[in-house]
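What follows is each chain in one-letter form.
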Amino acid sequence: MADQTVFAEKTRVLIVEDDPNIVDLIRSNLTVRGFDTLVSTDGLRALHLLESGRPDVVLLDLMLPGIDGMDLCRAIRERSSVGIIVVSARRGERDKVSALNMGADDYMTKPFSIEELLARITAT
């Protein structure tokens, strides 16, 4: 009988962030740990990648050019049941509650640890 190796599909993460330093930090850490990553620096491209890239999880910054992050969160949720983790500098309870009410599954504030982010991706 031939040896059959089964390759599990990698978890694909869509990073929606306009700060190139944060994109590099997240993408490099996820890639090293075996994740596939897609990147969008604005909301319109994020919606396109949601359809074409079929991510398993979206990491969403709220302060983006063009579409507001809260509106984008709602738009993503209307189109997909993908896991949404908001990663934002906004620390207020009102922002957190609003994002969760718009369809986010989780909310992390910047700065954050990569280990915590990985745990939240796995949980989502």
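Worth saying up front: this structure is predicted, and the values here are computed from it rather than measured.

Every buried residue belonging to helix α2 (residues 43–53) is among G43, A46, L47, L49, L50 and G53, and all of these are buried. The arc that holds the buried residues of α2, viewed along the axis, is 165 degrees, so those residues lie on one side. The elements touched by buried residues of α2 are β1 (12–16), β2 (36–40), β3 (57–60) and α3 (69–79). In the segment just after α2, R54 is the residue with positive phi, at about 45 degrees.

What follows covers the sheet that holds β1. If you walk across this open sheet you meet the five strands as β2-β1-β3-β4-β5, and the pairing is parallel. Sheet topology places β2 and β5 (106–109) at the edges, where each strand pairs with a single neighbour. Along the sheet, successive strands turn relative to each other by an average axial angle of 20 degrees, direction set aside. Of the pairings in the sheet, the one linking β3 to strand β4 (residues 83–88) comprises four bridges and is parallel in character. Note that in β4 the partner of L60 across the bridge is V86. Lying over the sheet, helix α1 (residues 20–32) contacts β1, β2 and β3, oriented at roughly 165 degrees with respect to β2.

Bringing helix α5 (residues 114–123) into the picture now. An α-helical turn contains 3.6 residues, so a residue and the one three or four places further along point in the same direction. Those residues of α5 not exposed but buried are I114, L117, L118 and I121. Projection of α5 onto a plane perpendicular to its axis shows the buried side chains occupying an angular sector of 100 degrees, all on one side. Summarising the geometry of α5, the exposed residues directed more than 90 degrees from the buried face are E115 and A123. Lining the buried residues of α5 we find α1, β3, β4 and β5.

The two faces of a sheet get side chains in turn, since along a regular strand they alternate between them. Residues D106 and M108 line one face of β5 and the alternating positions Y107 and T109 line the opposite face, and both faces are buried. With four bridges joining them, β4 and β5 adopt parallel strand pairing. Bridge pairing links S88 to T109 in β5. Tracing the backbone out of β4, into helix α4 (residues 93–102) and back to the parallel element β5 gives a crossover that is right-handed.

Procedures and definitions
For every chain, the first residue of the written sequence is number 1, and numbering continues from 1 along that sequence. Reporting in this predicted model follows two pLDDT cut-offs: at least 70 for local features of residues, and 80 or more for side-chain atom pairs to be given and counted; totals over whole chains, interfaces and linings ignore these cut-offs and use all residues. With hydrogens and water stripped out, all remaining heavy atoms of the structure feed into the side-chain values. To sort residues, take the accessible area from a 1.4 Å probe on protein chains only and compare it with the maximum for the residue type: under 20% means buried, over 50% means exposed, and anything in between is partly exposed. To qualify as a helix, a DSSP run of H or I must reach at least 4 residues; to qualify as a strand, a run of E must reach at least 2; elements of each kind are numbered from the N terminus. Our arc is simply the arc of the directions from the helix axis toward the C-beta atoms. Any two residues whose heavy atoms approach within 4.5 Å at even a single point are treated as in contact. At least two bridges found by DSSP between two strands are what make those strands a pair. Angles run from 0 to 180 degrees between N-to-C directions of axes, and those axes are lines fitted to C-alpha atoms, restricted for helices to the stretch in contact. Look down the strands so they point away from you; if the path from the first strand over the helix to the second goes clockwise, the crossover is right-handed.

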